[in-house]
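# Per-entry structural report
For reference, the chains in residue letters:
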Amino acid sequence: MNTLAEHVTETLRNWILQGILAPGERLEEIPLAGKLGVSRTPIRAALANLGNEGLLEHLPKRGYSVRIYQYEDIIGAYEVRAVLEGLACRRAAHKGLSGLDISRLKACLAEGDAILAKGVLLPEDHQPYQRMNITLHETLLKAAENSWVTRFATQAQTAPFASDRIMLWDDHGVILRSHNDHHRIVAAVIERDGARAEQLMREHVYYAGLLLRDNYERLSGQAVPPAHGPDDRQA
């Protein structure tokens, strides 16, 4: 996939994960090409790629539509994320982090600290914090040096609302708790305490699933079914 197609894929993926493209919405090449200011070729490649990821459903002779995920599917994705990202932290701790990874993680922590030190969540800080969060989680995943863990954890994050790209940016206390988790996780990995690192990451992701459960109806416009959030055995 060329650079332009990759950019278009990433843009459309973010629109889906953030709810800008609604579940069930039909996507057509020409309108999307006009909206993004590109030709139909990278749009076609992006739609096919996102279809392979499971974010889109192919409609014979009618293009694609945004896949409709059920609540249980999304919660299931959090369960998988908790297990796999916890495993990644345990492996990374046992293997030991490189100097570059330690520097990158500490820079993420410092950036998050600076944003949250303001005591309020400013709109302009949302994307920088989001990028920091993605970098931190991806660094820990890659440090596990297990392509299967990375592959399946990344796949679990393609479910809308289950990605580390998405966060509820409306409660300073919630974000502060999450970032304090980051500090504890990174410290455990650096100290090579694999069991603690794994448990901390599993609880970190599990807590994000609980937040989704409590806010799902507001975010998605769909009622929460009687079943509750991730199995509390993950906590």
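Residues numbered from 1 in each chain as written. Predicted model: local features only at pLDDT ≥ 70, side-chain atom pairs only at ≥ 80, totals over all residues. Heavy atoms only, no water.

The subject of this paragraph is the pattern of salt bridges. Under the defined criterion, the tally for this structure stands at 11 salt bridges. For R90, the salt bridge goes to E198, with nearest N and O atoms at 2.9 Å. In this pair, R90 is assigned in helix α4 (residues 71–95) and E198 in helix α9 (residues 194–220), connecting sequence segments 108 residues apart. Linking R184 and D181 is a salt bridge whose minimum nitrogen-to-oxygen distance equals 2.7 Å. Of this pair, R184 and D181 both sit in helix α8 (residues 172–190), separated by three residues, roughly a single helical turn. When its relative accessible area of 10% is taken as the criterion, D181 is described as buried. Overlapping salt bridges, with partners in common, bring together E10, R13 and E53 in one network. (Salt bridge = Lys/Arg side-chain N within 4 Å of Asp/Glu carboxyl O. Helix = DSSP H or I, 4+ residues; strand = E, 2+ residues; numbered from the N terminus. Buried < 20%, exposed > 50% of the residue type's maximum accessible area, 1.4 Å probe, protein only.)

What follows is about the pairing of strand β3 (residues 63–66). With two bridges connecting them, strand β1 (residues 26–27) and β3 associate as antiparallel partners. Bridge assignment links L27 to a residue of β3, and that residue is Y64. Where strand β2 (residues 56–59) folds back onto β3 in an antiparallel hairpin, the turn is made up of three residues, including K61, whose phi is positive at roughly 65 degrees. (Pairing = 2+ DSSP bridges.)

Next up on the list: helix α2 (residues 29–36). Turning to α2, its buried residues number three or more, namely E29, L32 and A33. The buried residues of α2 occupy an angular sector of 100 degrees when the element is viewed end-on, so they sit on one face. In α2, the exposed residues that point more than 90 degrees away from the buried face are I30, G34 and K35. Looking at the buried residues of α2, the elements they touch are α1 (3–17), β1 and α3 (40–53). (Arc of directions from axis to C-beta. Contact = heavy atoms within 4.5 Å.)

Without other data, these values stay purely geometric and don't point to any function.
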